Amino acid sequence: MTTVHMTPVPTGTVVAYRDDGPLSRAMGMLVAGQLPPLPPAVAGTFVTGVLLVIGVAGADGLAVFAPAVTLLLAGPGSSHPHDGRLDWLVPPILRLIEYTFIAACGFANGVPPVLVFVLLGALAFHHYDLVYRLRQRVYPPPWLATAGLGWDGRMIVVSVFALAGWLTGGFVLLALYLWAMFGWESLTCWLAAPATGVEADTSAAEPGTRE
């Protein structure tokens, strides 16, 4: 049986929890890690919230610009090492923005609630799987963040579907794609993961355990 290639997370665990897509990572490269990640993420949350309230309540369509605003604000912080005392808050903030945006767009545009929850379920599964992998030192392959589009890419895809007036079909297509990819990759990864590596990490963390 093949085993999973154990590769380290080069920029730290908190950065890996962000689940950045290609666009966010590219913007991070432009500032070379010089931008603190937390203040822009908080600002992105506020601006996105305002756009969602105005766009949903007023039906002006402003909500579809929330991904672009969030990307411009929070994307450049993706290359920072996230070593500040409160930088661990950035991944939950990005989750809040992404989940709220998808739910607000879906419910405001008549997408059946079951489709909204199916899409959110795919994201929740992926993020839980990511957290558990990093705790067990079984790291996801580098291509997964790109194929999964990242929080930024998924929000932009939903915006494109909304602008095209095809949000229900878009939710179905995106949910099927994410469930198939995340589910298949997670299953094959854990089936191939070496149990000895996890056991070794556990035993190493308990040096005082008696034989």
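Shown above is the structure to which this text applies.
Residues numbered from 1 in each chain as written. Predicted model: local features only at pLDDT ≥ 70, side-chain atom pairs only at ≥ 80, totals over all residues. Heavy atoms only, no water.

Participant: Honestly, the overall build of the chain in this entry has me stumped. Any pointers?
Facilitator: Of regular secondary structure, the chain possesses ten helices and zero strands. Counting from the amino terminus, the chain carries its helices and strands in the arrangement α-α-α-α-α-α-α-α-α-α. For the chain, buried positions account for 41% of its 211 residues. Counted over contacts in the chain with a minimum sequence separation of 6, partners at least 24 positions apart contribute 83%. Of the roughly 11,000 Å² that the chain leaves accessible, carbon and sulfur atoms contribute 72%. (Helix = DSSP H or I, 4+ residues; strand = E, 2+ residues; numbered from the N terminus. Buried < 20%, exposed > 50% of the residue type's maximum accessible area, 1.4 Å probe, protein only. Contact = heavy atoms within 4.5 Å. Areas by Shrake-Rupley, 256 points an atom, 1.4 Å probe, with all protein chains shown as cover.)

Participant: It is not clear to me how the packing of aromatic side chains should be interpreted in this structure. Could you clarify?
Facilitator: Aromatic ring pairs are defined here through the distance separating the ring centres and the angle between the ring planes. Inspection of the entire model under this criterion finds five aromatic pairs. Among the aromatic side chains, those forming a connected cluster through ring pairs are Tyr-128, Tyr-132 and Trp-190. (Phe/Tyr/Trp six-rings, centres within 6.5 Å; stacked < 30°, edge-to-face > 60°.)

Participant: Can you walk me through the packing of helix H6 (residues 113-136) against helix H9 (residues 167-192) in this structure?
Facilitator: How two helices sit against one another is set out by the angle between their axes and by the gap between those axes. Direction vectors running N to C along H6 and H9 enclose 25°, while the axes themselves pass 9 Å from each other. Classed by the angle they form, the pair H6 and H9 counts as roughly parallel. In the packing of H6 onto H9, the handedness of the crossing is left-handed. Looking at the contact of H6 with H9, its residues break down into 17 nonpolar, six polar and three charged. (Axes fitted to C-alpha atoms, helices over the stretch in contact; angles between N-to-C directions. Parallel < 35°, antiparallel > 145°, perpendicular 65-115°, else oblique. Left-handed = near helix turned anticlockwise from the far one by under 90°. Nonpolar A, V, L, I, M, F, W, Y, C, P; charged D, E, K, R; others polar.)

Participant: Would you mind going over the pattern of salt bridges with me for this structure?
Facilitator: A side chain with one charge may pair with a side chain of the opposite charge, provided their charged atoms come close. Under the definition given, this model contains five salt bridges. As a salt-bridge pair, Glu-98 and Arg-154 come within 2.6 Å of each other at their nearest N and O atoms. Placement of Glu-98 in helix H5 (residues 90-108) and of Arg-154 in helix H8 (residues 150-163) is noted, with a sequence separation of 56 residues between them. The two residues Glu-98 and Arg-154 agree in class, both being buried. In this structure, Asp-129 and Arg-133 form a salt bridge, with 2.7 Å as the shortest nitrogen-oxygen distance. Of this pair, Asp-129 and Arg-133 both sit in helix H6, separated by four residues, roughly a single helical turn. Look at Arg-133 and you get buried, because its relative accessible area is 1%. Within this structure, Asp-19, Glu-98 and Arg-154 form a network of salt bridges that share partners. (Salt bridge = Lys/Arg side-chain N within 4 Å of Asp/Glu carboxyl O.)

Participant: Looking at this structure, I do not really get the nonpolar core. What am I missing?
Facilitator: Most often, soluble globular proteins keep nonpolar side chains buried together rather than apart. Phe-101, Ile-102, Leu-119, Val-158, Leu-167, Phe-171 and Leu-178 are the most contacted members of the largest nonpolar core, which totals 35 residues. Contributing elements (two or more residues each) for this core: helix H3 (38-58), helix H4 (66-74), H5, H6, H8 and H9. Sort the elements by how many residues they give to this core and H5 lands first, with nine residues. Sequence-distant contacts of Phe-171, that is, excluding residues within four places in its chain, are made with Ile-102, Gly-106, Val-111, Leu-115, Val-116, Leu-119 and Val-158. (Core = buried A, V, L, I, M, F, W, Y, C linked by side-chain atoms within 4.5 Å.)

Participant: Before we go on, may I ask you to explain H4 in this structure?
Facilitator: Listed as buried for H4 are Ala-66, Pro-67, Thr-70, Leu-71 and Ala-74. An end-on view of H4 places all buried positions within 130° of arc, on one side of the element. (Arc of directions from axis to C-beta.)

Participant: I would appreciate a short explanation of the side chain of Asp-19 in the present structure.
Facilitator: Along the chain, Asp-19 turns up in the loop between helix H1 (13-18) and helix H2 (22-31). Polar side-chain contacts of Asp-19 include one of 2.6 Å to the side chain of Arg-154. (Polar contact = N/O pair within 3.5 Å; in protein donor to acceptor, adjacent residues only side chain to side chain.)

Participant: Looking at this model, I keep getting lost on a nonpolar patch on the surface. Mind explaining?
Facilitator: On the surface, Phe-46, Val-50 and Ile-54 cluster together into a nonpolar patch covering about 270 Å² of accessible area. Here Phe-46 is to be found in helix H3. Exposure remark for Phe-46: the relative accessible area of 61% places this residue in the exposed category. (Patch = residues over 30% accessible without salt bridge, like charges linked within 9 Å, V, L, I, M, F, W, Y side chains within 5 Å.)

Participant: Looking at this structure, how should I read H8?
Facilitator: An ideal rise of 1.5 Å per residue puts 20 Å on 14 residues; H8 measures up with 20 Å between its terminal C-alpha atoms. Residue Gly-165 follows H8 closely and has a positive phi angle near 70°. (Expected span 1.5 Å × (residues − 1).)

Participant: Explain the environment of Phe-171 to me, please; I cannot follow it from the model alone.
Facilitator: Relative to the elements of secondary structure, Phe-171 occurs in helix H9. Separated by ten residues in sequence, Phe-171 and Phe-161 place their C-alpha atoms 8.3 Å apart.

Participant: Hey, could you run me through the packing of H8 against H9 in this one?
Facilitator: Between H8 and H9, the least distance of the axes is 8 Å, while the angle of their chain directions is 155°. Regarding the angle of H8 to H9, the classification is roughly antiparallel. Of the two elements, H8 crosses H9, and the hand of that crossing is right-handed. Judged by residue contacts, Arg-154, Val-157, Val-158, Phe-161 and Ala-162 of H8 engage Leu-167, Gly-170, Phe-171, Leu-173, Leu-174, Leu-178 and Phe-182 from H9. Looking at the contact of H8 with H9 residue by residue, the classes come out as ten nonpolar, one polar and one charged.

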